[in-house]
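Residues per chain are reported as follows:
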Amino acid sequence: MKQLRHGRFARTRVPAKNYQHPNTLAKRQARGVSVADRLSDTAAHHRVRWGSPFGWEDRGVPIELPAGVLGVVFDVGETLVDESRAWSRQAEAAGVTPFTLMGLLGALIARGEDHRRVWALLGIEKPAARTLIEEADLYPDALPCLRAVDERGLVVGIAGNQPAGVEAQLRAAGFSPHFLASSAAWGVEKPSPEFFDRVVAEAGLEPGAILYVGDRLDNDVLPARAAGMRTGFIRRGPWGHLHAQRPEARLADLRLNTLAELTDAMVAGRPAETLAPS
Ligand SMILES: [Mg+2]
């Protein structure tokens, strides 16, 4: 490489495309690992669903329903329902911009703290006004997915940490599962084991025959797994994207980018005679 000598210091010209911060190179050299080895390790590490370091290359790769699953139970917020409108309304009611509120929520989630601390962080009371869930708030893949689970002949349930009255809102939005419950109605909330005991009781199935689908590791995947259920982790919403970076995301039986992938798995697993002619 060409040496440049300007003033007191000799500098090495490095082509821009090869540039890496000297600290990064020094750390790798200190560990005796070449840059090429590190890149190859990274590729192997990510050669699972959510394959690339950027996480998108496996979109469209078919998934398979775990063997023995006879029922699917869905979380609500950011699994079936897009909460953007509700949080924007909360920001408006609190007198802060949505950008501010959602940025702070992201920080709390990333730090593993309770997101409900956001109001204390802002130094204001939580606004009393609540936004009711409407059909327009549903993720577009939600209703088709529940329909596909039902048509596959499996038990369909919805159970999430939600306030009183959400059951009626979800039914009005178009859901008609075998059971629909909220933490408010049950008097127990995730991640409490009692919540998942109620899921098992309502589904009327062995825990291992239930697939619980949610967007959080701490409230959905890990406690459902501890209760003996199979789990589906959907990477959407702030929790989904942040928790997908954690190693425990690998513990989920299914790692989903959308519910449409689960819908496809339902249709793919159905006996041919039950499929409508196309
Ligand atoms: Mg959720």
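What you see is a predicted model, and the numbers here were worked out from it, not measured in a lab. (Residues numbered from 1 in each chain as written. Predicted model: local features only at pLDDT ≥ 70, side-chain atom pairs only at ≥ 80, totals over all residues. Heavy atoms only, no water.)

Participant: Could you clarify how one ought to interpret the pattern of salt bridges in this entry?
Facilitator: Should the charged atoms of two oppositely charged side chains come close, the side chains can pair. Tallied over the entire structure, the rule returns twelve salt bridges. In this structure, Lys190 engages Asp75 in a salt bridge whose closest nitrogen and oxygen atoms are separated by 2.8 Å. Of this pair, Lys190 sits in the loop between α8 (183-186) and α9 (193-203) while Asp75 sits in the loop between β3 (71-74) and α3 (84-94), placing them 115 residues apart in sequence. Given a relative accessible area of 4%, Lys190 falls into the buried group. Under the relative-accessibility criterion, Asp75 is labelled buried at 4%. One network of salt bridges, with partners in common, ties together Asp75, Lys190 and Asp220. (Salt bridge = Lys/Arg side-chain N within 4 Å of Asp/Glu carboxyl O. Helix = DSSP H or I, 4+ residues; strand = E, 2+ residues; numbered from the N terminus. Buried < 20%, exposed > 50% of the residue type's maximum accessible area, 1.4 Å probe, protein only.)

Participant: For this particular structure, what's the right way to read the sheet that holds β3?
Facilitator: Two pairing modes exist for strands in a sheet, parallel and antiparallel, and in both the strands are linked by backbone hydrogen bonds. Within the open sheet, the six strands sit side by side as β5-β4-β3-β6-β7-β8. Their pairing is parallel. The sheet terminates laterally at β5 (179-182) and β8 (254-256), the two strands that pair on one side only. For this sheet, the mean inter-axis angle between neighbouring strands, taken without regard to orientation, is 20°. Pairing of strand β6 (residues 210-214) with strand β7 (residues 230-234) involves four bridges; the strand directions are parallel. The residue bridging Val213 from the neighbouring strand is Gly232, located in β7. Here helix α6 (residues 142-151) sits on the sheet and contacts β3 and β4 (155-160); the angle it forms with β4, its principal contact strand, is near 140°. Contacting β6 and β7, helix α10 (residues 217-226) crosses the sheet at an angle of about 160° to β7. (Pairing = 2+ DSSP bridges. Axes fitted to C-alpha atoms, helices over the stretch in contact; angles between N-to-C directions. Contact = heavy atoms within 4.5 Å.)

Participant: So what exactly am I meant to see when it comes to the coordination of the magnesium ion here?
Facilitator: As a benchmark, a tetrahedral metal site with four donors has ideal angles of 109.5 degrees, while an octahedral site with six donors has ideal angles of 90 or 180 degrees. Protein-derived ligands of the magnesium ion are Asp75 (OD), Gly77 (O) and Asp215 (OD), with the metal-ligand distances lying across 2.1 to 2.2 Å. All donors to the magnesium ion come from one chain, and their sequence spacing reads D-x1-G-x137-D. Like Gly77, Asp75 is buried. (Donors = N, O, S within 2.8 Å, 3.2 Å for Na, K, Ca; no water.)

Participant: When you look at the side chain of Thr231 in this model, what are you seeing that I'm missing?
Facilitator: By the secondary structure assignment, Thr231 is in strand β7. Residue classification places Thr231 among the buried residues on the basis of a relative accessible area of 0%. Among all residues touching Thr231, those that are not within four sequence positions of it are Leu211, Tyr212, Val221, Ala224, Arg225, Leu251, Ala252, Asp253 and Leu254.

Participant: What is the right way to read the packing of α6 against helix α12 (residues 259-268) from this model?
Facilitator: Packed helix pairs are specified by the crossing angle of their axes together with the interaxial distance, meaning the distance between the axes. Where α6 contacts α12, the axes come no closer than 9 Å and their chain directions differ by 25°. With respect to α12, the element α6 is oriented roughly parallel. For the pair α6 and α12, the crossing hand works out as left-handed. When α6 is examined against α12, the residues Ala142, Pro144, Cys145, Ala148 and Val149 are found in contact with a partner set consisting of Leu259, Leu262, Thr263 and Met266. In the contact of α6 with α12, the residues fall into eight nonpolar, one polar and no charged. (Parallel < 35°, antiparallel > 145°, perpendicular 65-115°, else oblique. Left-handed = near helix turned anticlockwise from the far one by under 90°. Nonpolar A, V, L, I, M, F, W, Y, C, P; charged D, E, K, R; others polar.)

Fair warning: the whole summary comes from geometry, so function is off the table for now.
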